Each structure stands twice: as structure tokens, then as C-alpha cells.
Amino acid sequence: MKNLLIETNLFEGKVKEDEGGRTIVKGVLQRAGAENQNGRVYPKPILIREAKKYEQLIKERRALGELDHPDSSVINLKNVSHNIKEIHWDGNDLIGTVEILPTPSGNILKELLRAGILLGISSRGMGS
């Protein structure tokens, strides 16, 4: 049976605006080979495999995220706050470029980050 798995990393990215005025942050999305806040350790080959699958959603501009931790693996569009634009590896860290969207949840996220509030970024999926 598959359960909803949620992994959280503190997201210490810097907030900036791109040439189009969009709010962009960069930071660590996942870390391979290290125990996370949920006590799990993911081997890098597993994370590489899953990141490659996720790149298709990024290309289609469908790598959306929500402001809070929902109990479902399904993205609720009324709560969307950000879209992941790009991912790449730096050693064992999967780094992401994240666009904060001009939605109600995105505006809350943007103002929290600008105020210096340290937030986590979570990945979620189905697994066992």
C-alpha cells in the first residue's frame, strides 16, 4: 500500500525579481544521502530517477506547489503559490529555481520570504 510521503527541507533561498518582475527564489529542494527531518535517507540514484521524471512537469510549466502541507498528493489549484522553473544537482543537493506566482497564496509566500521568515519547502509523493 502506498502512503503519502512528505519531505521537508528548510529553504534558505534568496528572494529576487527577474527581468519580467516575477519573484524568484533558489535553494535546496532535496538532499541525497542525508537524514531529513522525517528521519528518511534517500540514495542519490533514487532522487536522480525521480528528478528526471519531474523535469517533464517543469518543461510543461506544471511543477506547481502549494503554500501549506495538504493531506493529498493532488495539487489544489486554488492554493497554488509557486512553480518550479528549473532543477539541477550540486553534489548531493538538488537545487531548484522557484517562481512565486501572483496568486493569493503566492503573495502570502512572497511577503513571508521578504520579511525574512525562514520557511521549509516540501516534496510529496506516493510511496512506501
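Caption draft 1: Layout of the nonpolar core. Judged by nonpolar contacts, the single largest core of 13 residues is most densely connected at Leu29, Ile84, Ile87, Val98 and Ile100. Considering each element in turn, this core owes the most residues, three residues, to strand β6 (residues 93-100).

Caption draft 2: Region of interest: the environment of Gly91. Along the chain, the position of Gly91 falls in the loop between β5 (80-90) and β6. Since its relative accessible area comes to 46%, Gly91 is described here as partly exposed. A C-alpha to C-alpha distance of 8.8 Å links Gly91 and Ala32, two positions 59 residues apart in sequence.

Caption draft 3: Structural context of helix α2 (residues 104-114). Looking at α2, one finds that the buried residues are Ser105, Gly106, Leu109, Lys110 and Leu113. Projection of α2 onto a plane perpendicular to its axis shows the buried side chains occupying an angular sector of 135 degrees, all on one side. Positive phi appears at Gly116, one or two residues downstream of α2, with a value of about 85 degrees.

Caption draft 4: Looking closely at the sheet that holds strand β4 (residues 64-66). Taken together, five strands build an open sheet; the order of strands is β2-β3-β6-β5-β4 and the sheet is antiparallel. In the strand order of this sheet, the two ends are held by β2 (15-17) and β4, each with one partner. Recorded for the sheet is a direction-independent mean angle of 40 degrees between the axes of neighbouring strands. The pairing of β5 with β6 spans eight bridges and is antiparallel. Counterpart to Glu86 in the pairing with β6 is Thr97. Contacts between α2 and the sheet are confined to β2, β3 (23-31), β5 and β6, with β5 contributing the most and set at about 60 degrees to the helix.

Caption draft 5: Examining a nonpolar patch on the surface more closely. A cluster of nonpolar side chains, Ile108, Leu112 and Ile117, forms an exposed patch at the surface whose accessible area comes to about 230 Å². The topology assignment puts Ile117 in the loop between α2 and β7 (119-127).

Rules behind the numbers
- Along each chain, the written sequence defines residue order, and numbers are assigned to residues from 1.
- For a predicted model such as this one, the threshold for reporting local features is a pLDDT of at least 70, and the threshold for listing and counting side-chain atom pairs is 80 or more; totals across whole chains, interfaces and linings nevertheless cover every residue.
- To obtain the side-chain values, all non-hydrogen atoms of the structure were included, while hydrogens and water were left out.
- Each nonpolar core is a collection of buried residues, namely Ala, Val, Leu, Ile, Met, Phe, Trp, Tyr and Cys, held together in the definition by side-chain atoms within 4.5 Å.
- Only protein chains enter the accessibility calculation, which uses a 1.4 Å probe; a residue whose area is less than 20% of its type maximum is buried, one above 50% is exposed, and one in between is partly exposed.
- Working definition: helices are DSSP H or I runs of at least four residues, strands are E runs of at least two. Numbering for both runs from the N terminus.
- By arc we mean the arc of the directions from the helix axis to the C-beta atoms, nothing more.
- Only when DSSP finds a minimum of two bridges between them are two strands counted as paired.
- To define axes, lines are fitted to C-alpha atoms, for helices over the stretch in contact only, and angles between the resulting N-to-C directions are given on a 0 to 180 degree scale.
- Contact definition: two residues touch when any of their heavy atoms are within 4.5 Å.
- Like charges within 9 Å and nonpolar side chains (Val, Leu, Ile, Met, Phe, Trp, Tyr) within 5 Å are joined into patches, using only residues over 30% in relative accessible area that form no salt bridge.
- The protein chains shown are the only cover counted for residues, whose accessible areas, like all others here, come from Shrake-Rupley with a 1.4 Å probe.
- We define a salt bridge as a contact between a side-chain nitrogen of Lys or Arg and a carboxyl oxygen of Asp or Glu at a distance within 4 Å.

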